[in-house]
Amino acid sequence: SQISFSGAFQHDTTLQSEQDASDRFLAKPIRFTRFDASPTWTYLLGPIDQLTLSGSYSDVNYATNEKIDYRYYGPTIAYQHNLSELSAVTGSLQYNRFEPDDIVDTRTDVYGGLVGYSYTPSERLQVSGSVGLSYNVTRSDIRDDDSLGYRLKFDLNYLISEQTRLVVSLSHDSEPSGDGRQVTRNRARAAFNY
């Protein structure tokens, strides 16, 4: 059994951060503060199975009326089964609540699931990928809306040498935004650490 807790505080501007990326150009920087907290409990069911229960909470506040402050929180349950010393299958279910501070009292319930596979052919290379669905239920004083979409995640971690590491990640998922609604974003990230 293992228990962990992580938290973060971020003070940045939307022009200098990937937070709340959108398709629009911003005429001026918008400052924001963000608080994150995430407790996690992992329990080994046996030599090759493990169960993880986790929760997350985010609170974002903008220093302008052009964006909408919001809270985003919910639990996740994940399961991992090792097929061998090199590979494993994973599955997860999650629920998140999106609460923007708008005048029409918008609330979005996000239900999601993922099924994935990870492969570690050597101590230097680890590759994992997962696919799943996301179902969003939005309720407000002026409209109700439901939407179904897919989720996709891919991660590669390669230790080139003892001093050099390459990390690549791709994702397609539903995320909260400062526009007061859930949006679907494609993200790509590559990092080279020496």
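Before reading further, recall that the structure is shown in the block above.
Residues numbered from 1 in each chain as written. Predicted model: local features only at pLDDT ≥ 70, side-chain atom pairs only at ≥ 80, totals over all residues. Heavy atoms only, no water.

1. Things to note about the overall build of the protein chain
Part 1 of the argument: Regarding its fold elements, the protein chain presents zero helices and ten strands.
Part 2 of the argument: Secondary structure elements of the protein chain occur, N-terminal to C-terminal, as β-β-β-β-β-β-β-β-β-β.
Part 3 of the argument: Its C-alpha atoms put the protein chain at 55 × 35 × 30 Å along the principal axes.
Part 4 of the argument: Classification of the 194 residues of the protein chain by burial places 32% in the buried group.
Part 5 of the argument: Taking the intrachain contacts of the protein chain between residues at least 6 apart in sequence as the baseline, contacts between residues at least 24 apart amount to 46%.
Part 6 of the argument: For the protein chain, the computed accessible surface area is about 12100 Å², with 55% contributed by carbon and sulfur atoms.
Part 7 of the argument: In the protein chain, 18 side chains carry a positive charge and 25 a negative one; their mean positions are 4 Å apart. (Helix = DSSP H or I, 4+ residues; strand = E, 2+ residues; numbered from the N terminus. Buried < 20%, exposed > 50% of the residue type's maximum accessible area, 1.4 Å probe, protein only. Contact = heavy atoms within 4.5 Å. Areas by Shrake-Rupley, 256 points an atom, 1.4 Å probe, with all protein chains shown as cover. Lys, Arg positive; Asp, Glu negative; His and termini not counted. Charge placed at Lys NZ, Arg CZ, Asp CG, Glu CD.)

2. Considerations on the side chain of arginine 71
Part 1 of the argument: Position of arginine 71 relative to the elements: it lies in strand 4 (residues 70-82).
Part 2 of the argument: Looking at arginine 71, its side chain comes within polar contact range of the side chain of aspartate 101, at 3.0 Å. (Polar contact = N/O pair within 3.5 Å; in protein donor to acceptor, adjacent residues only side chain to side chain.)

3. Considerations on the pairing of strand 2 (residues 31-44)
Part 1 of the argument: One ladder, built from twelve bridges, connects strand 1 (residues 2-13) with strand 2; its direction is antiparallel. Of the residues in strand 2, the one forming a bridge with serine 6 is serine 38.
Part 2 of the argument: Two elements, strand 2 and strand 3 (residues 49-62), share eleven bridges in a ladder whose sense is antiparallel. Each residue of the ladder has a partner; that of threonine 42, found in strand 3, is threonine 52. (Pairing = 2+ DSSP bridges.)

4. Re the environment of serine 6
Part 1 of the argument: Within the fold, serine 6 resides in strand 1.
Part 2 of the argument: Serine 6 sits 32 residues away from serine 38 along the chain, and the two C-alpha atoms are 5.2 Å apart.
Part 3 of the argument: Residues in contact with serine 6, not counting those within four places in the same chain, are Asp36, Ala37 and Ser38.

5. With respect to the pattern of salt bridges
Part 1 of the argument: In this structure the tally under the stated criterion is 13 salt bridges.
Part 2 of the argument: The partner of glutamate 99 in a salt bridge is arginine 97, with the nearest N and O atoms 3.4 Å apart.
Part 3 of the argument: A salt bridge links aspartate 145 to arginine 143; the shortest N-O distance between them is 3.8 Å.
Part 4 of the argument: Residue classification places aspartate 145 among the partly exposed residues on the basis of a relative accessible area of 35%.
Part 5 of the argument: Several salt bridges converge on common partners, so that one network encompasses Arg71, Arg97, Glu99, Asp101 and Asp109. (Salt bridge = Lys/Arg side-chain N within 4 Å of Asp/Glu carboxyl O.)

6. Focus: the sheet that holds strand 10 (residues 183-193)
Part 1 of the argument: With antiparallel pairing, the ten strands of this open sheet are ordered in space as 1-2-3-4-5-6-7-8-9-10. Two strands close off the open sheet at either side, each with one partner strand: strand 1 and strand 10. Mean inter-strand twist for the sheet, computed between neighbouring axes without regard to direction, equals 15°.
Part 2 of the argument: Bridge count between strand 8 (residues 144-159) and strand 9 (residues 165-175): eight bridges; the pairing is antiparallel. Of the residues in strand 9, the one forming a bridge with asparagine 157 is valine 167. (Axes fitted to C-alpha atoms, helices over the stretch in contact; angles between N-to-C directions.)

7. Section: the environment of proline 176
Part 1 of the argument: Assignment of secondary structure puts proline 176 in the loop between strand 9 and strand 10.
Part 2 of the argument: C-alpha separation for the pair proline 176 and aspartate 145, spaced 31 residues apart in sequence, amounts to 16 Å.
Part 3 of the argument: Apart from residues lying up to four places away in sequence, proline 176 is in contact with Tyr70, Tyr72, Phe98, Arg181, Gln182 and Arg185.

8. Details of the side chain of serine 134
Part 1 of the argument: Turning to its location among the elements, serine 134 is positioned in strand 7 (residues 125-139).
Part 2 of the argument: Side-chain polar atoms of serine 134 contact the side chain of asparagine 136, separated by 3.4 Å.
Part 3 of the argument: Apart from residues lying up to four places away in sequence, serine 134 is in contact with Val110, Tyr111, Gly112, Ser147, Leu148, Gly149, Arg151 and Ser174.

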